[in-house]
Amino acid sequence: MAAAYVFGFLLVFGLVGAFHPILRNEQPAFMEDLRGVSTYIQPCRLQNSQQKNLDYTGVRFTVSGYGRTDDLWNGGAASEILLWVHLRGITNEECRRWYGGSPIVQDQTICAEYYNNTAQSSCQGDSGGPLTKVDVDGQPTMVGIVSFGSSQGCNSPWPSAYVRPGHYHDWYVSVTGINFDWRNEDLLPPASSEEDSSSNSSDDSSDDSSSDSSSSSSSEEAKMEPIFVNA
């Protein structure tokens, strides 16, 4: 598949009609200067240091980018458009079993397998791209950076591996002078719209309530999830 390239923690998204730019950040103030860059270029918060060793077993991820659409021996070539797919998190213990107990899978590694089709994976050319999940506040968090995959190929059931950025916040500060870290307490559930209180009011004169009931009910617009392109 593919994974978008990261320039200064900006995720480059575009060229996929079904994708809308949901990746944005409400954290550091300097991010405000970046919001007007492009509809398809938005900042995304990194995994924080509190989450760096979090167990993501069964969690649905999104990986995206411009890497090969298939293995080289199957004629796969780099994509000219951004592709993205769902993946499912697995434990590092399971990941090590796939890789024969190799020490390449470390504490700083997060592994993910295909979501519902073995063709779903990152591939050559995706290295450095983002692995994201939607957090409890409804906003995405970048929990991994594309690192490596199996020599068995991108279309095999072997899991792919990603670096957990939460392990390196001290390094980010030393290099950039910017603290990208944040607290789990900052995650607030998305505000739910309250229903009109007038529809719940009990009035002794019930004659008027029945005639007004049709105006108090409103149809809620269905929200479409973006369609993922299998690489």
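One structure accompanies this document, and this report is about it. (Residues numbered from 1 in each chain as written. Predicted model: local features only at pLDDT ≥ 70, side-chain atom pairs only at ≥ 80, totals over all residues. Heavy atoms only, no water.)

**Remarks on the nonpolar core**
Under the convention used in this document: As used here, the term nonpolar core means buried Ala, Val, Leu, Ile, Met, Phe, Trp, Tyr and Cys residues forming a set that is joined through side-chain atoms within 4.5 Å. With a 1.4 Å probe rolled over the protein chains alone, any residue whose accessible area is under 20% of its type maximum counts as buried; one over 50% counts as exposed, and the rest are partly exposed. Secondary structure is summarised from DSSP: a helix means a run of H or I of at least four residues, a strand means a run of E of at least two, and numbering begins at the N terminus for each.
Grouped together as the largest cluster of nonpolar side chains are 11 residues: Tyr56, Phe61, Val63, Val85, Leu87, Ile110, Ala112, Leu131, Val143, Val146 and Tyr162. For this core, the elements supplying multiple residues, two or more each, are strand S5 (60-65), strand S6 (83-90), strand S7 (109-114) and strand S9 (140-148).

**Observations regarding the pairing of S6**
Convention followed: Any two strands between which DSSP finds at least two bridges are classified as paired.
Across the 8 residues of S6, 7 count as buried, placing the element largely inside the fold. Two elements, S5 and S6, share 6 bridges in a ladder whose sense is antiparallel. Among the inter-strand pairings, Arg60 is bridged to a residue of S6, identified as Arg88.

**A closer look at the environment of Asp181**
Rules: Residues count as neighbours in contact if any of their non-hydrogen atoms are within 4.5 Å of one another. Polar contacts here mean pairs of N or O atoms no more than 3.5 Å apart (in protein, one a potential hydrogen donor and the other a potential acceptor; neighbouring residues in sequence count only if both atoms are side-chain atoms).
Within the fold, Asp181 resides in the loop between helix H2 (169-176) and helix H3 (206-216). Asp181 gets classed as partly exposed once you look at its relative accessible area, which sits at 25%. Setting aside its immediate chain neighbours within four residues, Asp181 contacts Asn48, Ser49 and His169. For Asp181, the side chain forms a polar contact with the side chain of Ser49, separated by 2.5 Å.

**Points about the side chain of Glu113**
On the secondary structure map, Glu113 appears in strand S7. What Glu113 contacts, discounting residues up to four positions off in sequence, is Leu87, Arg88, Ile90, Glu94 and Pro159.

**Structural notes on the state of the cysteines**
Filter applied, for reference: In what follows, a disulfide is any cysteine sulfur pair within 2.5 Å.
Here the structure, examined in full by the defined rule, presents 2 disulfides. Disulfide partner of Cys95: Cys111, at an S-S distance of 2.1 Å. Negative torsions about the S-S bond denote left-handed disulfides, and the value of about -70° found for Cys95 with Cys111 makes this one left-handed. One end of the pair, Cys95, is in helix H1 (residues 92-98); the other, Cys111, is in strand S7, and 16 residues separate them in sequence. When its relative accessible area of 0% is taken as the criterion, Cys95 is described as buried. By relative accessible area, which is 0% here, Cys111 ends up buried. What pairs with Cys123 in a disulfide is Cys154, and their sulfur atoms sit 1.9 Å apart. Judged by the sign of its S-S torsion, about 80°, the cystine formed by Cys123 and Cys154 is right-handed. Placement of Cys123 in the loop between S7 and strand S8 (130-134) and of Cys154 in the loop between S9 and strand S10 (160-163) is noted, with a sequence separation of 31 residues between them. Residue class for Cys123 comes out buried when judged on its relative accessible area of 6%. Numbered by order of appearance in the sequence, the disulfide-linked cysteines of the protein chain pair as 1-2, 3-4.

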